[in-house]
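Here's the letter readout for the chains.
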Amino acid sequence: SSRTVFLLSQLEKINLDSVLRTSDSARYVTSKILHLVQSQEKTRKEMTSKGSTGIDVILSTLEVKSFNFCSYGSVSALHFIIMKCGGRRASIVVTKGGTQILLQLLLTASKDSPPNEELMVLLHTLLAKIGPKDKKIGMKARINGALNISLNLVKHNLHNLRLVLPCLQVLRVYSTNSVNAVSLGKNGVVELLFKIIGPFSKKNTSLMKVALDTLAALLKSKTNARRAVDRGYVQVLLAIYVDWHGHDSRHRYMLIRKGVLQCIKSVTNIKLGRKAFIDANGMKILYNTSQDCLAVRTLDPLVNTSSLIMRKCFPKNRLPLPTIKSAFHFQLPVIPASGPVAQLYNLPPDVDDVVDESDDNDDAETESEIETENDDDKDQHFKNDDIETDINKLKPKQELGRSIEELKMYEQFFPELSENFQEWDLVSKEPKPFVPDANLSGPIVVPTASDE
């Protein structure tokens, strides 16, 4: 009944006919569909409406191996539909197996020498768009062997912003999987990202933001965090943050500054990172920058993140604290001349005497993550010990304003609260306890002498 339906039916016939696959008819039909999608909003609505098979036909076209020569038109049409119609269509593509098809097409296109840049940009943009809708995209990319394709493209095209930006967006999606983060870290992605991020510059701020988000996700892995500490990147991050803080006087790049803090927060999850942060004078740097941000309400996220980092990195000591670090002095009644308590008292004030087990059992944790494919963010399971969770303790205690003895003077005005009303049993001629009727509603009225 319409031009779009006719072209989709023609493309579906070509998918099923092995003779037509080798002809130029597929290229012609896909180019016509792409033209209609780009020029007519009616066509886009028709292809994405309920009951339409437009997305199914395009995905089946991309799945056919012999259609490599017409892949660009199909991918362009799918890209235009998803970008114009929003995230709901991205979820539909995921449910129809679009992630697997696009990853396979990415692997096929990467074998060309040199690879088609336009096709690579479209594929990575699509994967970055539908990636958050697919919780298993990290595992699918690793199984298909497509994990290092985006990384290699970034390595060889550092100055090509148009290609590097969607590739980094895809790497950010891959890095949410802890196993992928370790694998990418071994291939040098951490060092690569530090070549992209740098001091204050008004150029390529979008690339800087995506690179910082990707780095923050990668540094959640203890292996990558340890690699960053060994190469002195903690001090580099602090220098970058100070530079952006000093130049961003109008607070236009708050998200970039927050991205740097997120990287510092991730790398200080391990003991080596906290020690490197202290050695780089990070406490003083974050404290001073936070003081400058207090007057601006829009910079509260920076103050909150800085406070979390400083609180996490501050040395922890057991009570009692006889040093200047404590606001209160707890004196034990009896301190033996020798023993563990005396050893704690004799430690220097800047020594962290609390055992830190955050760096232990790294290999066991990595193996368990590989087995279970746990893609969830560990921060969602973080529990703050300072928050009271007992409902009974949170409820305010209601206390009487007067004692029970003082309230007894009002007993004569409310006899129904203290007297035991009894009903006389005519058979046994003895009083029996008063039992209120279950169906009785409203207050109980006691008859008086005037009523009688």
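Residues numbered from 1 in each chain as written. Predicted model: local features only at pLDDT ≥ 70, side-chain atom pairs only at ≥ 80, totals over all residues. Heavy atoms only, no water.

## Overview of the environment of Arg 402
And then number 1: Inspection of the secondary structure puts Arg 402 in the loop between helix 24 (391–394) and helix 25 (404–407).
And then number 2: For Arg 402, the contacting residues outside a window of four places in its chain are Leu 407 and Tyr 410. (Helix = DSSP H or I, 4+ residues; strand = E, 2+ residues; numbered from the N terminus. Contact = heavy atoms within 4.5 Å.)

## Examining the packing of aromatic side chains
And then number 1: Following the criterion strictly, the structure yields four aromatic pairs and no others.
And then number 2: Centre to centre, the rings of Trp 244 and Tyr 253 are 5.7 Å apart; their planes meet at 75°, and the pair counts as edge-to-face.
And then number 3: Since its relative accessible area comes to 1%, Trp 244 is described here as buried.
And then number 4: When its relative accessible area of 18% is taken as the criterion, Tyr 253 is described as buried.
And then number 5: An aromatic cluster is built from Phe 200, Trp 244 and Tyr 253, whose rings are joined through pairwise contacts. (Phe/Tyr/Trp six-rings, centres within 6.5 Å; stacked < 30°, edge-to-face > 60°. Buried < 20%, exposed > 50% of the residue type's maximum accessible area, 1.4 Å probe, protein only.)

## Some words on the packing of helix 17 (residues 233–247) against helix 20 (residues 282–293)
Two numbers describe a pair of packed helices, the interaxial angle and the distance between the axes.
And then number 1: It is at 11 Å that the axes of helix 17 and helix 20 come closest, and there the two elements cross at 20°. On the basis of the axis angle, helix 17 is roughly parallel to helix 20. Taken as a pair, helix 17 and helix 20 cross one another with a handedness that is left-handed. In contact with Leu 238, Tyr 241, Val 242 and His 245 of helix 17, helix 20 contributes Gly 282, Ile 285, Leu 286, Thr 289, Asp 292 and Cys 293.
And then number 2: Taken together, the residues of the contact of helix 17 with helix 20 break down into six nonpolar, three polar and one charged. (Axes fitted to C-alpha atoms, helices over the stretch in contact; angles between N-to-C directions. Parallel < 35°, antiparallel > 145°, perpendicular 65-115°, else oblique. Left-handed = near helix turned anticlockwise from the far one by under 90°. Nonpolar A, V, L, I, M, F, W, Y, C, P; charged D, E, K, R; others polar.)

## Observations regarding the pattern of salt bridges
And then number 1: Taken as a whole, this structure holds nine salt bridges when the rule is applied.
And then number 2: Residue Asp 134 is joined to Lys 140 by a salt bridge in which the shortest nitrogen-to-oxygen separation is 2.8 Å.
And then number 3: Judged by relative accessible area, which is 8%, Asp 134 ranks as buried.
And then number 4: Take Lys 140: its relative accessible area is 23%, and that puts it in the partly exposed class.
And then number 5: The partner of Asp 279 in a salt bridge is Lys 275, and the shortest N-O contact between them spans 3.1 Å. With a gap of four residues between them, Asp 279 and Lys 275 both fall in helix 19 (residues 271–279), about one helical turn apart. Here the two residues Asp 279 and Lys 275 agree in accessibility, since each one is exposed.
And then number 6: A single salt-bridge network, built from bridges that share partners, covers Glu 117, Glu 118 and Arg 162. (Salt bridge = Lys/Arg side-chain N within 4 Å of Asp/Glu carboxyl O.)

## Notes on the confidence of the model for the chain
And then number 1: Residues of the chain with pLDDT of at least 70 account for 67%, and the chain-wide mean is 77.
And then number 2: Low confidence marks residues 370–386, where pLDDT is under 50. Its contacts with residues over four positions away, or in another chain, come to 17 contacts. (pLDDT = per-residue confidence, 0-100.)

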